[in-house]
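Chain by chain, the residues run as shown.
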Amino acid sequence: MVRDLRGATSRPFAVNLWVPHDGEDDPVDLAPHLARLEPFYRRLGVEPPRPAALPKFADQVDALLAAAPPVISFVMGVPPRWVLESAHAKGIAVIGTATTVDEAVALEQAGVDAVVASGSDAGGHRGAFLRPVEQSLVGTFSLVPQVVDAVRVPVIAAGGIADRRGVRAALALGADAVQIGTGFLATRESNASDVHKAMLHSDAAKVTVLTRLFSGRTARGIRNGLIRELAAHEGEVPPYPVQNALMRPLRKAAAEQGLADYVSLWAGQAAPLTEPRAAREYFAELVRP
Ligand SMILES: Cc1cc2nc3c(=O)[nH]c(=O)nc-3n(C[C@H](O)[C@H](O)[C@H](O)COP(=O)(O)O)c2cc1C
């Protein structure tokens, strides 16, 4: 992918990795979790999965250092010192993602070159790592200026920015750049499933919630049937990556069958501002003076 991107653009780009959390590789008794999901596997006509271990973080980093993209960005934690040193030795810039001021400071102290300040409006996984997610739900408008005050490295504002007004507001708050997820998810070129895109442009996008049900880590998405049916089990599902693996066949089958109720419909709070259009057109609008 890095090679293809280099061929496609002379501009810098980032490849993103998730920093693993302690205990992620601990064995989990799958039986109760498979039993909980059994009716869903049956409903969608898929076999219950046998989760395989993820590639080791160190191997992911080694592969990425060998491919040497211009930027490596991290979410979910502070990248280990050897990763930062190896990246910098190869001239690769490193970006970290913070959901609180304390996380931004920890990332700067570790030596990252820029920090994403990701407010709780954001779609998908934000990756709080110093405190539990419930204590890290700072909105973008509150978070960005505080991070700008707390660190010297450039700050990239993320979360709930989906149009030109949001970009200008983030820059007015002192951000040096903006990171947009949901808005690009909604563009023609994105890899989101058709059903996901359709939901982003429906009334359903007005209600997004935080849930662990799809991956084992808290993420924001459009409330759908699965979230409603399993609401009582939010606290019981196994951690990432186990729950993510148990849900993968459901998500895949649901996307193929166009069943919005079982797809992880990741979306931020600004989803209703998005439109189905070409990325080029969207980008031109975002940066219009
Ligand atoms: C479907 C989806 C997947 C995402 N995956 C990642 C990821 O793997 N790593 C990451 O750092 N951020 C990820 N994000 C977060 C985005 O990089 C970005 O910070 C966020 O979407 C900004 O908020 P917005 O959705 O309101 O624009 C994801 C967001 C979405 C919507």
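Fair warning: this is a prediction, and the values are worked out from it, not measured in the lab.

Cut-offs used in this document
Residues numbered from 1 in each chain as written. Predicted model: local features only at pLDDT ≥ 70, side-chain atom pairs only at ≥ 80, totals over all residues. Heavy atoms only, no water. Helix = DSSP H or I, 4+ residues; strand = E, 2+ residues; numbered from the N terminus. Contact = heavy atoms within 4.5 Å. Core = buried A, V, L, I, M, F, W, Y, C linked by side-chain atoms within 4.5 Å. Buried < 20%, exposed > 50% of the residue type's maximum accessible area, 1.4 Å probe, protein only. Near = heavy atom within 4 Å. Polar contact = N/O pair within 3.5 Å; in protein donor to acceptor, adjacent residues only side chain to side chain. Areas by Shrake-Rupley, 256 points an atom, 1.4 Å probe, with all protein chains shown as cover. Nonpolar A, V, L, I, M, F, W, Y, C, P; charged D, E, K, R; others polar.

This part covers unusual backbone geometry. Going from tyrosine 240 to proline 241, the amide bond is cis rather than trans, its omega being 5°. The backbone of alanine 68 sits at a positive phi, close to 50°, despite the residue not being glycine. One non-glycine residue with positive phi stands out, namely methionine 76, at about 85°. Within the secondary structure, methionine 76 is located in the loop between strand S2 (71–75) and helix H4 (81–89).

Here the focus is the environment of leucine 226. Structurally, leucine 226 is set in helix H10 (residues 225–229). Taking the C-alpha atoms as reference, leucine 226 lies 8.3 Å from valine 263; in sequence the two are 37 residues apart. Residues in contact with leucine 226, not counting those within four places in the same chain, are Phe40, Leu213, Phe214, Met247, Asp261 and Tyr262.

What follows concerns the nonpolar core. Counting residues in each nonpolar core, the largest one holds 39 residues, and the members touching the most others are Phe74, Val115 and Val147. In terms of residues, this core owes the most to one element, helix H3 (residues 57–67), which gives four residues. Dropping the residues within four chain positions of it, valine 147 is found in contact with Val101, Ala104, Val115, Ala117 and Val155. Counting 30 residues, the second largest nonpolar core, distinct from the first, contains Ala186, Val195, Leu226 and Tyr262.

The next point concerns the site of the ligand. Around the ligand sit 15 residues in total, of which Asn16, Gly160, Gln179, Gly181 and Thr182 are the nearest. Between asparagine 16 and the ligand, the recorded distance is 2.7 Å, taken from a side-chain N or O atom to a nitrogen atom. Take glycine 159: an N or O atom from its main chain is 3.4 Å from an oxygen atom of the ligand. For the ligand, the protein covers 81% of the area, taking 600 Å² as the surface of the free molecule. Contributions of two or more residues to the shell around the ligand are made by strand S1 (14–18) and helix H8 (182–185). For the shell around the ligand, a count of residues per class yields eight nonpolar, seven polar and no charged.

Honestly, it's all geometry; don't read function into it.
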